[in-house]
Amino acid sequence: MTSRILYVPFDHLNRNKGVLKDRNPKTDVVLLVESARMITGRDFHKERLFFLISSARHFVQELKAEGIKVEYIKAATTVAGLDKAKSSYGDLPIYCAEPSSFRSFAQLTEYGVNFVPNDLFLTSRQDFMTWAKSQKTYVMENFYRAQRVRLDILVNAGKPEGGQWNFDADNRLPPPKDYVWPEYLYHERDEIDLEVAKELDYTPTKTWATTHKGALAQLDNFITNHLDGFGPYEDAVTKDNWALHHSLLSPYLNNGLLDPQVAIDAVVKAYESGKARIQSVEAFIRQVIGWREYVNGMYWFLGEDYKYKNGLNAQLPLLPVFRNSKATEMNCVSSVVKDIEDRSWVHHIPRLMILSNLALITGTNPQEFLDWMREAFIDASDWVMVPNVIGMGVHADGGIMMTKPYAAGGAYISRMTQYCKGCKYNPKLRVGEDACPFTTLYWDFLDRHKEEFVKNHRMSQQVYGLKKLSDLEELKVRANQVITGLSAGQI
Ligand SMILES: Cc1cc2nc3c(=O)[nH]c(=O)nc-3n(C[C@H](O)[C@H](O)[C@H](O)COP(=O)(O)OP(=O)(O)OC[C@H]3O[C@@H](n4cnc5c(N)ncnc54)[C@H](O)[C@@H]3O)c2cc1C
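The shown structure was predicted, so the numbers you read here are calculated from the model rather than taken from an experiment.

Caption draft 1: The overall build of the chain, seen in detail. A count of helical and extended segments in the chain gives 21 helices and 7 strands. In terms of C-alpha radius of gyration, the chain reaches 23 Å, essentially the compact-globule figure of 23 Å for 491 residues. Sorting the 491 residues of the chain into buried and exposed places 43% on the buried side. Within the chain, counting contacts between residues at least 6 apart in sequence, those at least 24 apart form 71% of the total.

Here you go:
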């Protein structure tokens, strides 16, 4: 006799966590809802929809193969799906792990769903609150060090393995020359994948796995071929390889197919057996137990209104190039947007130093930029996009998360990427038609916000640099032309 409905959202696909952890096979039915609103409600990248839906359907198939009672309901909305389940099974109590967004939390609370703690992260929301409330500023590095100790990861008698908590200074190398990158791992498509692809009228890439087994194969590929080189080149951007040594694990960590603890254990094991150097192992661990957990914690800590912040009063509408890689002649921006069109993913530096930097220094409206990022990326969710975009990417929170904005001119892009060679624009020039728009806009941005930035000791040096510019007036005129040109898709 069924007595409970266990509702599993599409980002809780882990049979040992959340609401499935204490499943009673005799009395529970597991429910997943494929909501039409998810598919048609926004202009989501089809690669992303394909990944999310196919992963959910594979998950259902796996549960069924184990003899678990599962319902997969297609409905207009999540609530309509819950109603349908109730009409089949009776007015039973519905249980779910705490959802991953404020919106979903409010919706399910209103529906009367009972929540169990969300243990798909390594840090409970409560533990993060306790940490945040004890801090004057929310510096990620402090959180990360506490995480290393709390989770007992590469710490011996309170001291970090390798003698340092952070090996950033050894990393951050520019793109290497004549370097042989490992082959990409491709995931073959099966019947479920093809069915989803047909329904979406889309031909997916073979980049993203849609099963737990595929996610583990991706982890294994990362450990074998990439982990050792991860640290040194984590900030580099190359033209000949879109993945470099990045793990490509975020989609699975975020939809539940890969448990972060499993990823961390595998990385620590690889280090202990001498397969990877400490500077890479530490860098990866910091991303997962530090940044990922911090961003999720901050999302809940900062509250629902945080996503509407616009501390720099940026009002420019979203530039056409974000939605169309052909709408600019800037080689870096066009190439990065093309990569997103192709597979719904680029690594951290293009997200931060090219896309967000462009939005930041052009004064693009943060919420319009956030909406686009949410729709374009395979691994996007509210909890992870909101802090990354509003806090880290475009500094719209006035410095709550990051002590300074990540603004950079063409010199940074020229050093860390291979896009400048052959580009129409010259990163060394700040005025004139050949000037790199990043260089022009960087100085213009500093000038527009000099009053607030000069008070920030991490920015004052850059602001004082304005005084050395003899061509500031000419630069401001050019910056206006650049913004007008970018807005018309003609720069
Ligand atoms: C503006 C902006 C938007 C971003 N949006 C997202 C997003 O929607 N979803 C997402 O998962 N990540 C996001 N990130 C963080 C990061 O860029 C991606 O996690 C990473 O590029 C995913 O590729 P990977 O799995 O190969 O990561 P790796 O470089 O191999 O890193 C390992 C893992 O660390 C975690 N991680 C690293 N940095 C972050 C971070 N800042 N926030 C959260 N997790 C992190 C991810 O789980 C990632 O899989 C964003 C960063 C920026 C600057």
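Picking up where we left off.
Caption draft 2: Representation of the sheet that holds strand β1 (residues 4–7) in the model. Pairing in this open sheet of 5 strands is parallel, and the strands run β3-β2-β1-β4-β5 from one edge to the other. Here the strands that pair on one side only, and so sit at the sheet edges, are β3 (70–75) and β5 (114–116). Averaged over all pairs of adjacent strands, the angle between strand axes in this sheet comes to 30°, irrespective of strand direction. In terms of strand pairing, strand β2 (residues 28–35) meets β3 through 6 bridges, oriented parallel.

Caption draft 3: Region of interest: the site of the ligand. Neighbouring the ligand are 28 residues, the closest being H246, S247, S250, Q287 and H348. Inspection of the shell around the ligand shows a minimum of three residues originating in each of domain 2 (125–302) and domain 3 (308–487).

Caption draft 4: Examining helix α21 (residues 472–487) more closely. The terminal C-alpha atoms of α21 lie 22 Å apart, and with 16 residues this matches the ideal 22 Å at 1.5 Å per residue to within 8%. Among the residues making up α21, those that are buried are L475, R478, A479, V482, I483 and L486. Looking straight down α21, one finds that the buried residues subtend no more than 140° of arc, so they occupy a single side. For α21, the exposed residues set more than 90 degrees away from the buried face come down to E473, N480 and T484. Residues of α21 that are buried make contact with α14 (348–362) and α18 (437–448). Positive phi shows up at G489, right after α21, with a value of about 70°.

Caption draft 5: Quick look at unusual backbone geometry. One non-glycine residue, D201, lies in positive phi territory at about 55°. Looking at where D201 falls in the secondary structure, it is placed in the loop between α7 (191–200) and α8 (212–225). Of note, the phi angle at L244 is positive, near 50°, even though the residue is not glycine. Note that L244 resides in the loop between α9 (227–230) and α10 (250–255).

Caption draft 6: Representation of the pairing of β1 within the structure. Across 4 bridges, β1 lies against β2 in parallel orientation. Looking across to β2, one finds that I5 is bridged to V29. When β1 meets strand β4 (residues 94–97), the two strands line up parallel, connected through 2 bridges. Each residue of the ladder has a partner; that of L6, found in β4, is Y95.

Caption draft 7: Seen up close, the domain arrangement of the chain. Looking at the chain, the domain boundaries give domain 1 (4–116), domain 2 (125–302) and domain 3 (308–487). Relative to domain 3, the C-alpha centre of domain 1 lies at a distance of 38 Å. Listed per partner, the contact involves 11 residues of domain 1 and 9 residues of domain 3. Among the elements that line the side of domain 1 that touches domain 3, the one with the most residues is helix α2 (residues 46–65), at 3 residues. Each residue belonging to the side of domain 1 that touches domain 3 can be placed in one class, and the counts come to 2 nonpolar, 3 polar and 6 charged.

Caption draft 8: Quick look at the packing of helix α11 (residues 260–272) against helix α12 (residues 278–302). Between α11 and α12, the shortest axis-to-axis distance is 10 Å and the interhelical angle comes to 165°. In this view, α11 runs roughly antiparallel relative to α12, as classed from their interaxial angle. As α11 packs across α12, the resulting crossing turns out to be left-handed. Each of P260, A263, I264, V267 and Y271 in α11 lies in contact with α12, whose residues at this interface are I278, V281, F284, I285, V288, I289 and R292. Looking at the contact of α11 with α12 residue by residue, the classes come out as 11 nonpolar, no polar and 1 charged.

Caption draft 9: Highlighting the packing of α14 against α18. Where α14 meets α18, the closest approach of the two axes is 8 Å, and the angle between their N-to-C directions is 50°. In this view, α14 runs oblique relative to α18, as classed from their interaxial angle. Read as a crossing pair, α14 and α18 show a hand that is left-handed. Each of L360, I361 and T362 in α14 lies in contact with α18, whose residues at this interface are L441, Y442 and F445. Here the contact of α14 with α18 is built from residues that sort into 5 nonpolar, 1 polar and no charged.

Thresholds, definitions, all that
- Residues numbered from 1 in each chain as written.
- Predicted model: local features only at pLDDT ≥ 70, side-chain atom pairs only at ≥ 80, totals over all residues.
- Helix = DSSP H or I, 4+ residues; strand = E, 2+ residues; numbered from the N terminus.
- Rg over C-alpha atoms; globule rule 2.2 N^0.38 Å.
- Buried ≥ 20, exposed ≤ 12 C-beta atoms within 10 Å, placed from the backbone.
- Contact = placed C-beta atoms within 7 Å.
- Pairing = 2+ DSSP bridges.
- Axes fitted to C-alpha atoms, helices over the stretch in contact; angles between N-to-C directions.
- Near = placed C-beta within 6 Å.
- Domains from an automatic or database assignment.
- Expected span 1.5 Å × (residues − 1).
- Arc of directions from axis to C-beta.
- Nonpolar A, V, L, I, M, F, W, Y, C, P; charged D, E, K, R; others polar.
- Parallel < 35°, antiparallel > 145°, perpendicular 65-115°, else oblique.
- Left-handed = near helix turned anticlockwise from the far one by under 90°.

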